Every structure is written in structure tokens, then in C-alpha cells.
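# What the coordinates show
Residues per chain, in single letters:
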Amino acid sequence: MNPQAKLVFTTSLLLGTTITISSNHWILAWTGLEINTLAILPLISKSHHPRAIEAATKYFLVQAAASALLLFSSMTNAWYTGQWDITQLTHPTSCLILTSAIAIKLGLVPFHFWFPEVLQGSPLTTGLLLSTAMKFPPITLLFMTSQSLNSTLLTTMAVLSTALGGWMGLNQTQTRKILAFSSISHLGWMAIIITYSPKLALLNFYLYTLMTAAVFLTMNSMKVLKLSTLMTSWTKSPALSATLLLTLLSLAGLPPLTGFLPKWLIIQELTKQEMPLVATAISLLSLLSLFFYLRLAYCSTITLPPHTTNHMKRWHTHKPVSTQIAILTTLSIMLLPISPIILTIM
């Protein structure tokens, strides 16, 4: 892709995100979301492969439908209350429509079908944007309207997301699809707590972004798109494979790694809200996703396949590990000991 075009699209992404997260008016927030959607489409379809074009088309149709619902929800609220302010969303029908619109934008169950397909058709760097930066504006809108949202609906969607995200990722061999289902599962943890402790949901999102960025950039550096390639990559970059193992275990939420912190705090908050059954259910369902993280980790570091794999052999180039990957991996693994400082900041 032309560097100037890439600069324009990246700047538009930053502009769209900034407009949405800093606006108080529904129309401005909607404008920011539309700019974001239009800016990411060329980045999804830049390879001109039929699968990439299909992914871009699916993404456009789904996001357009979600934006239309979001606009309809804000107009309904303005019609009944005379308020265009985002924090003044009080009409129950508007709240339900908004929850559905944002669930479509994020890829929460039962509106999750588009997300794995779109991620599978995108390059790894665009997949990283779709899994992290593109989810930030909708999460911000949920944060600003969290007082008005229906907690029962969100809890149901969250438990289903954690269940289906773990269950559907079990049999995958494509790393991008596995990371898509991992994203759906993590969104379940964010959605379940957003009405009770919005700041905790944001903390979960920030830490998820850190860990996912580390995994995506590591896989991009190793040029890994499927498990069979991942199995032979440890001979080329053993250090990177070892840190990928730890980052994946952190993403699974195992102590004493960073990913354990948000899960621990969310379970604690749900218990305080007298929801021990929901906390138990979501904890048990996260074991499903733990299985495929362990499978990825096992493939990345522990196995040498006993037969010749049918993927193209690559040159063993000794490429230095980028500073970005080093910083993100360190943060993804070692933030748990400083959790008291993080909680003080919150």
C-alpha cells in the first residue's frame, strides 16, 4: 500500500476514535464511529485477495447496521426526553437498542458471527487494530452510558460470550480465528462488569489490549498464520517462542501473570454484588478458553512435529526482536506485583 494512503487511513482512525471518546453529543459519537469504519476498510482489503474483499464487505455491512441502530436509539431517546447528551440516555427502549448496537459493533454473542470471518480475512497488523483499537470507541460509549444499561441483558450476553468464545475456539487451526474467539471471550468479562464497576471494565480492556498486541506482533514477526507453522517456528526464534508461551498463559488469566489481575478483580466485584453463581459460571467457562491457549502455547514451544509439515519452508533469518514486542511482552507478564498501585490509580 502507498505510504501516503496508509498515513491518511491511520490518521483517520486516530481522528475517528478521538471524536467518539471525547464527544458528549450522540451525532458526534456516531460520526467518529463512521470515520473509523471507513478508514479501516482499505486496511482490511489491501491484499486484494478474494477472502480479504469478502472480509471488508462483511465488516462494512455489519458496522453500517450497528451504526444505524445506534443513531435510531439516540433519536428515540431525543424524541422522548429532548436530550442528545450521551450520559442522559434514560428511555428503556433506547437503552435496549443501544446495547444491541454496541454488541454488534464489539462482536458480543449472539452478534459475534462476523468477527472471526473478518479477522481471518485480514492481515495480522489489521487484525490487531480490529481486536483492540476498533473496540475502544464502543467500549467508551458503554462506559458513558453504564448507569442506564440493562444489567440482566448484559450479564446474559457476557456469560454466553465467554461460553461460545471458549467453545468455538477449541477446534480451530488458524491462529487469527483462535485470537478472534479469544477476543469474544474477553469481551464477555468486560460486559459482565460494565454496569457494576465501569472503571474495572476499562482496566480489563487496557490489559487485554496489552496482551493481545504482544501476541499479534510476535506472530507477525514470526509470520505465523496457522498451528502447523507455529510448531516449527521455535527453531528459528526460541526466545520469542518462549515469551509467546508466557504471554498466551497471561491472556488465559493464570497467576502470577498480568492477565490474572482483571479476572481476580471482576470475580471479587461480582461476589460483592451478591452474584456468586454468575462468578462461578464465568470462571468455569473461562477454562474452555484456557484449553486453546494451552494448545497454542504447547505448539509454540514444546512440540517438534514427528512428520514433515506441508507448509512452505522459510529461510532462517536472525532478525532482532523489536523494542515494541519486548516492552509489550514484559508488561503482559509482570504487572501483577504492582496491582496495588494500579488499584490506587483507579
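None of these values were measured; they are calculated from a predicted model.

## A look at the overall build of the chain
When helices and strands are counted, the chain shows 16 helices and zero strands. Taken over C-alpha atoms, the radius of gyration comes to 20 Å for the chain, in line with the 20 Å a tight globule of 346 residues would show. Each of the three principal axes of the chain carries a C-alpha extent, and together these read 65 × 50 × 35 Å. A burial count over the chain gives 53% of its 346 residues as buried. Within the chain, contacts between residues separated by at least 24 positions form 77% of all contacts whose residues are at least 6 apart in sequence.

## Focus on the UniProt feature "domain: NADH:quinone oxidoreductase/Mrp antiporter transmembrane" (unreviewed entry) in the chain
Mapped onto this numbering, the UniProt entry gives "domain: NADH:quinone oxidoreductase/Mrp antiporter transmembrane" (unreviewed entry) at residues 23-288. Across residues 23-288, helical content stands at 75% and strand content at 0%; the span's end C-alpha atoms are separated by 38 Å.

## Notes on the side chain of serine 74
Positionally, serine 74 belongs in helix α3 (residues 50-81). Owing to a relative accessible area of 0%, serine 74 belongs among the buried residues under this scheme.

## Topic: the pattern of salt bridges
Here the structure, examined in full by the defined rule, presents two salt bridges. Residues lysine 58 and glutamate 54 are paired through a salt bridge, measuring 2.8 Å at the closest nitrogen-oxygen approach. Linking lysine 58 with glutamate 54, this pair stays in helix α3, spanning four residues, or about one helical turn. Residue class for glutamate 54 comes out partly exposed when judged on its relative accessible area of 41%. Close ionic contact of lysine 177 with glutamate 117 constitutes a salt bridge, the shortest N to O distance being 3.3 Å. Taken together, the positions of lysine 177 in helix α9 (residues 175-193) and glutamate 117 in helix α5 (residues 114-120) put the pair 60 residues apart, joining distant regions of the chain.

Rules used in this analysis
- Residues numbered from 1 in each chain as written.
- Predicted model: local features only at pLDDT ≥ 70, side-chain atom pairs only at ≥ 80, totals over all residues.
- Heavy atoms only, no water.
- Helix = DSSP H or I, 4+ residues; strand = E, 2+ residues; numbered from the N terminus.
- Rg over C-alpha atoms; globule rule 2.2 N^0.38 Å.
- Buried < 20%, exposed > 50% of the residue type's maximum accessible area, 1.4 Å probe, protein only.
- Contact = heavy atoms within 4.5 Å.
- UniProt positions renumbered as here; feature names shortened; annotations may be inferred.
- Salt bridge = Lys/Arg side-chain N within 4 Å of Asp/Glu carboxyl O.

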